[in-house]
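# A closer look at the structure
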Amino acid sequence: MSQATPPASAAQADPIVGIDLGTTNSLVAWCDERGPRIIPDALGRSLLPSVVRFNRGTGDVEAVGQEARTEAVRFPRETVFSVKRLMGRGRDDVDAELAYLPYEVVRGENDTARVRVGERVFSPPEVSAIILAKLRERAEAHFGRPVRRAVITVPAYFDDAQRQATRDAGRIAGLEVLRIVNEPTAAALAYNLDQRHADATVAVFDLGGGTFDVSILRLQHAPTETKPGEVAPATGASGGNSGGGGSIDQVLATAGDTHLGGDDVDQMLIALFQGEIQKQFGAGLAFPPATLQALRTLAEATKIRLSENESGAVEIDLGGGRLYKRTITRGELEAMIAPWVERTIDCCRRVLRSAKLGPGDIQRVVMVGGSTRIPLVRRRVAEVFGSEPYTALNHDEVVALGAAVQASILAGINRDMLLLDVIPLSLGIETMGGAVAKLIVANSTIPCRARENFSTYVDGQTSVMIHVLQGERELVKDCRSLGRFELKGVPPMPAGLPKIEVTFLVDANGILNVSAIEKRSEKSAGIQIVPNHGLSRDEVRQIEAQSLAHAREDMTAHRLIDLRNQARLDIRAIERQLAKVGDAIDAEYRDQVAASVAKVKGFVDAAAPDADAFAKALTEMDHGTVRLAETAIRKTLQDEGLTG
Ligand code: AMP
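The structure contained in this document is the topic of the report that follows. None of these values were measured; they are calculated from a predicted model.

## Comments concerning the sheet that holds strand 19 (residues 427–431)
Taken in spatial order, the four strands of this open sheet run 20-19-22-23, and their pairing is antiparallel. The strands lining the two open edges of the sheet, one partner per strand, are strand 20 (435–440) and strand 23 (480–487). Neighbour-to-neighbour, the strand axes of the sheet open up by a mean angle of 30°, direction not taken into account. In terms of strand pairing, strand 19 meets strand 20 through five bridges, oriented antiparallel. Across the sheet, the residue bridging to Glu430 is Val436, located in strand 20.

## Here's the deal with the nonpolar core
Counting residues in each nonpolar core, the largest one holds 45 residues, and the members touching the most others are Phe205, Trp340, Val377 and Phe385. Among the elements that make up this core, the one with the highest residue count is helix 9 (residues 330–355) (10 residues). Excluding anything up to four places from it in sequence, Val377 contacts Phe205, Leu207, Trp340, Val341, Met367, Ser371 and Thr372. Leu21, Met87, Phe158 and Val177 belong to the second-largest nonpolar core, a separate cluster that totals 41 residues.

## So, the sheet that holds strand 7 (residues 79–81)
With antiparallel pairing, three strands are arranged side by side in an open sheet as 6-5-7. Both edges of this open sheet fall to strand 6 (61–64) and strand 7, since each of them pairs with a single strand only. If you compare each strand with its neighbour and ignore which way they point, the axes differ by 25° on average. Where strand 5 (residues 51–54) lies against strand 6, three bridges are found, and the strand directions are antiparallel. If you follow Val52 over to strand 6, its bridge partner there is Val64. Running over the sheet, helix 3 (residues 124–143) touches strand 5, strand 6 and strand 7 and is turned about 115° from strand 5.

## A closer look at the side chain of Ser215
By the element assignment, Ser215 lies in strand 14 (residues 212–222). A distance of 3.5 Å separates a polar atom in the side chain of Ser215 from a polar atom in the side chain of Thr254. Apart from residues lying up to four places away in sequence, Ser215 is in contact with Ala156, Pro184, Val202, Ala203, Val204, Ala253 and Thr254.

Thresholds, definitions, all that
- Residues numbered from 1 in each chain as written.
- Predicted model: local features only at pLDDT ≥ 70, side-chain atom pairs only at ≥ 80, totals over all residues.
- Heavy atoms only, no water.
- Pairing = 2+ DSSP bridges.
- Helix = DSSP H or I, 4+ residues; strand = E, 2+ residues; numbered from the N terminus.
- Axes fitted to C-alpha atoms, helices over the stretch in contact; angles between N-to-C directions.
- Core = buried A, V, L, I, M, F, W, Y, C linked by side-chain atoms within 4.5 Å.
- Buried < 20%, exposed > 50% of the residue type's maximum accessible area, 1.4 Å probe, protein only.
- Contact = heavy atoms within 4.5 Å.
- Polar contact = N/O pair within 3.5 Å; in protein donor to acceptor, adjacent residues only side chain to side chain.

Right, dumping it as structure tokens:
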């Protein structure tokens, strides 16, 4: 996601921000005609841990965010986290939560759940307001002006009391909460799913660290009628979000588990390591807190590594010469977590049943939450719904981005840039030497698909970086980088032999899927991108104008890159042939070949060679070395005993 830049337009004079007030982390975002962006803190961090530490004596706030989280182990009874689990709940409703919360939860007015630190008692909205105020400060620093209005997200299953508590939190933080939006709806809005289909049915699968929910929504786009600042009615527990402009959502069904998430996987890995350590070094071995903490960190890091790689090494020095060491493969992890993944899948089936829908009725599946990075989770979700889920937007950020989209709709900001029927700017990939190969050209109608074959430039190359670019210019440096991924595990082959097929697919929602497959080994990799976030119509026009202004020099630059690539390949081939049959050809011819190679090398190394002269020298070299190539082929055949 590109960094947010302060807005210039008058529409932002009194900006409306979108806030994801999360159980674990919170974020603030805003959206202009270029699309939604996260507002980072002064250190560039986007996540604000939803953690507050109070002073036991005075009840003052001592730390908010990362600092409070880091020191939580030292101040277990002063550090309040996961307060979202208490929002709008009665003291008796949260019994099940208490096992997870080391701070004190007491009974307040009307039997509500309250937090007590020392002598002070805080309502959950008061604690949440401290987090919201911090985000508000962040936004104000960014805009350089007061921020008074916000859209805040809540889980789809929040009831009226929980929604009201969230509104109260906003009010205490000095924010007018223009709308409470369901988190799954926000995720769908971040992908503009409200705009493409007249009546879209979307499944949102949200698997985080500690909670899981899956919702089925029906989204409709309603023209903006609300004037900026006008307050739309609150959303009811059933989710029916009506009134005002923007999107109307209806939560058809929701299911989940408030204690199911990535933490469970960490626990399974910890148990595995502990069991093996005891087997190896004695059953009586104790695990002091520091070792347990190290195990936890290692377990999570291992889990995350296995989302990217097929295997990972685990090493723990237990002191006294005891070293626990093993390699764990993705297959092992998948076998271990399969029942856990199936619990989420059962929920998906259940939610479909209660919405009275089949998988075929779902137009799109959106993934939210860090644990949806686990390949087995993605695979199973794709299988159940029969379509590839959306993962393009950062799983941490997608809800806040969607809240910002809702805010922009309320502010009357035109985000039609994001909603085009054509590709506004060409899409392609980087090729050798910094040139761009365009796969989809500007103004193609969406949905569209393009496929092209590439290969390697180096012998024995086992991985290929695919760099996805957008723009009209010919060189990478003049285009906009949209993302990159690596195709790994290509079997070593001579340069040019691997057949790498790259496919670009832009679907009806404008989401770009890029995949690469090496045809011999069937290795594949891919990435999903939202290409139009971060660009305004004016910027697109500017980019087009620049491409016209630079057309000639760009073509020359691209041609020079191609010539250099070709020249290097040809020179390498000639050098190999010379090494093989150099002795068998006459000295005069050898000198002639050397001279033509030297001439081409001169062009390759020159800063700004004349392209026509370069091309001429390359053709001459190629023609002049036909005899050498033939001699080399003959020698090879002779060596292999194929000719007389
Ligand atoms: P969230 O609550 O959405 O921030 O999700 C946090 C959870 O996602 C934690 O359990 C993380 O360990 C997990 N997580 C984050 N990145 C990955 C990844 N690449 N692979 C697997 N789990 C991940």
